[in-house]
Amino acid sequence: LRHSCDRIGVEDCPASLQPRDLPEHARRALASTYAEWDADGLVGRVERLREMLLEQPQSASPRIIFFHCNCGCDRTGMLAAAYAMRYMNRTFSEAMEEAEHVAGRNLVYSFQVGAQWYCEGLRAKGLYSHDDCGNCEPFRCHDTGSPMDAALKADLQLAGVALLLSCFALGVGCRARRRRVSADCGTIAPDGYAHLP
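Only a predicted model underlies this, so the values are computations on that prediction, with no experimental measurement involved.

For the structure on display, the rule yields two disulfides. Shown here is the disulfide that connects C119 with C133, its sulfur atoms set 2.0 Å apart. Measuring handedness by torsion sign, the sulfur bridge of C119 and C133 sits at about -65 degrees and is left-handed. Taken as a pair, C119 in helix α7 (residues 109-124) and C133 in the loop between α7 and α8 (150-185) lie far apart in primary sequence, 14 residues in all. Judged on exposure class, the residue C119 and its partner C133 are both buried.

As structure tokens, then:
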């Protein structure tokens, strides 16, 4: 975005990257060229998702597409919100609210802003008639850091420790069982099976 601000002559591209923090002429100029400067290729991703949903399946079963990222707070939420605005007649506010509800937290700020600029790009093309693309108030109007709060980080760390301990316990149990089998039945061959003497 900052490079695009320079290209169209906006001297003070806002640190917030918020569409609402730009003069109207600059916002419109950036919105009309969104597909050119969007590093995530969101326009193409939304259109590809639409194509996949409309492709005729070989069977009569309905088509279900599952997509995700690590936590559902980055590109997943941005893509879901963008698709909802473009093809499900959701406002930006509704789409973001739903994306954040599913993720259980705020989207990473840069991806929230990406959804806002996608919204502005739709408006520039006449594909979005609402006026809420710059509505950051229910969400975040500047980058406040990671959307994962301390409690969630602690839960994830605890889950990681529990997983490591489980793997360790499983490994110790397997080694103990192998020793027992070896003592009772003979030796353990490289194929992992006990062979009687």
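Okay, the nonpolar core next. Among the nonpolar cores identified, the biggest contains 35 residues, and L42, M85, F92, W117 and Y118 are the most heavily contacted of them. Counting only elements with at least two residues in this core, the list comes to α2 (24-32), α3 (34-37), α4 (42-54), α5 (75-87), α6 (92-103) and α7. Residue contributions to this core peak at eight residues, all from α7. With residues up to four places along the chain from it excluded, the contact list for M85 reads R90, T91, F92, A95, A115, Y118, C119, L122 and Y128.

According to the stated counting rule, one finds twelve salt bridges in the structure shown. Its salt-bridge partner being R27, residue E120 comes within 3.6 Å of it at the nearest N-O pair. Here E120 is found in helix α7, whereas its partner R27 is found in helix α2, with 93 residues between them in sequence. The two residues E120 and R27 agree in class, both being buried.

Conventions and cut-offs
Residues numbered from 1 in each chain as written. Predicted model: local features only at pLDDT ≥ 70, side-chain atom pairs only at ≥ 80, totals over all residues. Heavy atoms only, no water. Disulfide = S-S within 2.5 Å. Helix = DSSP H or I, 4+ residues; strand = E, 2+ residues; numbered from the N terminus. Buried < 20%, exposed > 50% of the residue type's maximum accessible area, 1.4 Å probe, protein only. Core = buried A, V, L, I, M, F, W, Y, C linked by side-chain atoms within 4.5 Å. Contact = heavy atoms within 4.5 Å. Salt bridge = Lys/Arg side-chain N within 4 Å of Asp/Glu carboxyl O.

That's the geometry; what it means functionally is another story.
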